[in-house]
Amino acid sequence: GQSLEQPSEVTAVEGAIVQINCTYQTSGFYGLSWYQQHDGGAPTFLSYNGLDGLEETGRFSSFLSRSDSYGYLLLQELQMKDSASYFCAVRDSGGYQKVTFGTGTKLQVIP
Amino acid sequence: GAVVSQHPSWVICKSGTSVKIECRSLDFQATTMFWYRQFPKQSLMLMATSNEGSKATYEQGVEKDKFLINHASLTLSTLTVTSAHPEDSSFYICSAQQPLAKNIQYFGAGTRLSVL
């Protein structure tokens, strides 16, 4: 089975940098993704790491270490609109490559 | 990016009735779609993997006779909650992936089901 752990809540100041960690235990692994979900909305894709290292997409960066079963999402220059829940997700290496989501981190950005 | 349409967005029904939720990929063909359930302030729980032209693959603990999934075409999957009860009230979300970009899930807007 798959298990992904994240901090439940994080609070940060507008303009600051915040890191959201994700540790996983999986029976198969084919990549780590990050999704953002605003209250009442659908998740939207942010970033994907298939290999070790850092991926940068604008203000968002994501890091993966497969040997440590660990990844993180880094949000820079925080804006109020970044207040949302963030989920890491693992893509299974099985036939249908299903995606299992982490426990989720609620980020609150304060002025 | 790819667009996934999900309908209805909100439904209220009486206990014992059945509710059908549709998930369509509008600008790509999706051989595989996924159905999730999400309780307030919790993560997305995968219910089943919907495969075009074959039976759905259900996750452990999900009643396949309760949650009927049909993937009749490459752009449409439906989830029917049969004989709904108040405990089935939840937020149901579908997602689809493009065959050549399986690292990205495109989500529908979700369906909020309230069973009275």
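Residues numbered from 1 in each chain as written. Chains lettered and ligands numbered in written order. Predicted model: local features only at pLDDT ≥ 70, side-chain atom pairs only at ≥ 80, totals over all residues. Heavy atoms only, no water.

Undergrad: Got a sec to walk through the overall build of chain B? Specific residues and values, please.
TA: Check the secondary structure of chain B and you find zero helices and 11 strands. Along chain B, helices (α) and strands (β) appear in the sequence β-β-β-β-β-β-β-β-β-β-β when read from the amino end. Against the compact-globule benchmark of 13 Å for 116 residues, chain B has a radius of gyration of 13 Å, which places it among compact chains. With respect to the three principal axes, the spread of C-alpha positions in chain B is 40 × 25 × 20 Å. The proportion of buried residues among the 116 residues of chain B is 52%. Sequence-distant contacts, at least 24 apart, represent 54% of the contacts inside chain B between residues at least 6 apart. For chain B, the computed accessible surface area is about 5700 Å², with 54% contributed by carbon and sulfur atoms. Distance from the positive charge centre (10 side chains) to the negative charge centre (8 side chains) of chain B: 3 Å. (Helix = DSSP H or I, 4+ residues; strand = E, 2+ residues; numbered from the N terminus. Rg over C-alpha atoms; globule rule 2.2 N^0.38 Å. Buried < 20%, exposed > 50% of the residue type's maximum accessible area, 1.4 Å probe, protein only. Contact = heavy atoms within 4.5 Å. Areas by Shrake-Rupley, 256 points an atom, 1.4 Å probe, with all protein chains shown as cover. Lys, Arg positive; Asp, Glu negative; His and termini not counted. Charge placed at Lys NZ, Arg CZ, Asp CG, Glu CD.)

Undergrad: Quick rundown of the state of the cysteines? Include the residues and the values.
TA: Each disulfide is one covalent bond, formed between the sulfur atoms of two cysteines. On inspection of all chains with the given rule, the structure shows two disulfides over all chains. A sulfur-sulfur separation of 2.1 Å characterises the disulfide bridge that pairs Cys-22 of chain A with Cys-88 of chain A. One disulfide, between Cys-22 of chain A and Cys-88 of chain A, carries an S-S torsion of 70 degrees and so falls in the right-handed class. Taken together, the residues span a long stretch of sequence, with Cys-22 of chain A in strand β3 (residues 18-25) and Cys-88 of chain A in strand β9 (residues 84-91) at a distance of 66 residues. In this structure Cys-88 of chain A comes out as buried when scored by relative accessible area, which is 0%. Note on cysteine connectivity: Cys-23 of chain B is disulfide-linked to Cys-94 of chain B, with sulfurs 2.0 Å apart. Judged by the torsion about the S-S bond (85 degrees), the Cys-23 of chain B/Cys-94 of chain B disulfide is right-handed. Highlighted residues: Cys-23 of chain B in strand β3 (residues 19-25) and Cys-94 of chain B in strand β9 (residues 90-98), separated in sequence by 71 residues. For Cys-94 of chain B, a relative accessible area of 0% corresponds to the buried category. Between Cys-13 of chain B, a free cysteine, and Cys-94 of chain B, which holds the nearest cysteine sulfur, the sulfur-to-sulfur gap is 18 Å. The class of Cys-13 of chain B is buried, set by a relative accessible area of 8%. (Disulfide = S-S within 2.5 Å.)

Undergrad: Let's hear about the pattern of salt bridges: which residues, and what values?
TA: Residues and elements named next belong to chain A. By the definition in use, this model includes six salt bridges over all chains. Residues Lys-106 and Asp-39 are paired through a salt bridge, measuring 3.4 Å at the closest nitrogen-oxygen approach. Residue Lys-106 is located in strand β11 (residues 105-110), and its partner Asp-39 is located in the loop between β4 (32-37) and β5 (44-49); the two are separated by 67 residues in the primary sequence. Owing to a relative accessible area of 66%, Asp-39 belongs among the exposed residues under this scheme. (Salt bridge = Lys/Arg side-chain N within 4 Å of Asp/Glu carboxyl O.)

Undergrad: Describe the sheet that holds strand β6 (residues 53-57) of chain A, naming the residues involved and giving the relevant values.
TA: Residues and elements named next belong to chain A. Taken in spatial order, the five strands of this open sheet run β1-β3-β8-β7-β6, and their pairing is antiparallel. Each of the sheet's edge strands pairs with one partner strand only, and the pair in question is β1 (3-5) and β6. Strand-to-strand twist of the sheet, defined as the mean angle between neighbouring strand axes without regard to direction, takes the value 20 degrees. The pairing of β1 with β3 spans three bridges and is classified as antiparallel. Bridge pairing links Leu-4 to Tyr-24 in β3. (Pairing = 2+ DSSP bridges. Axes fitted to C-alpha atoms, helices over the stretch in contact; angles between N-to-C directions.)

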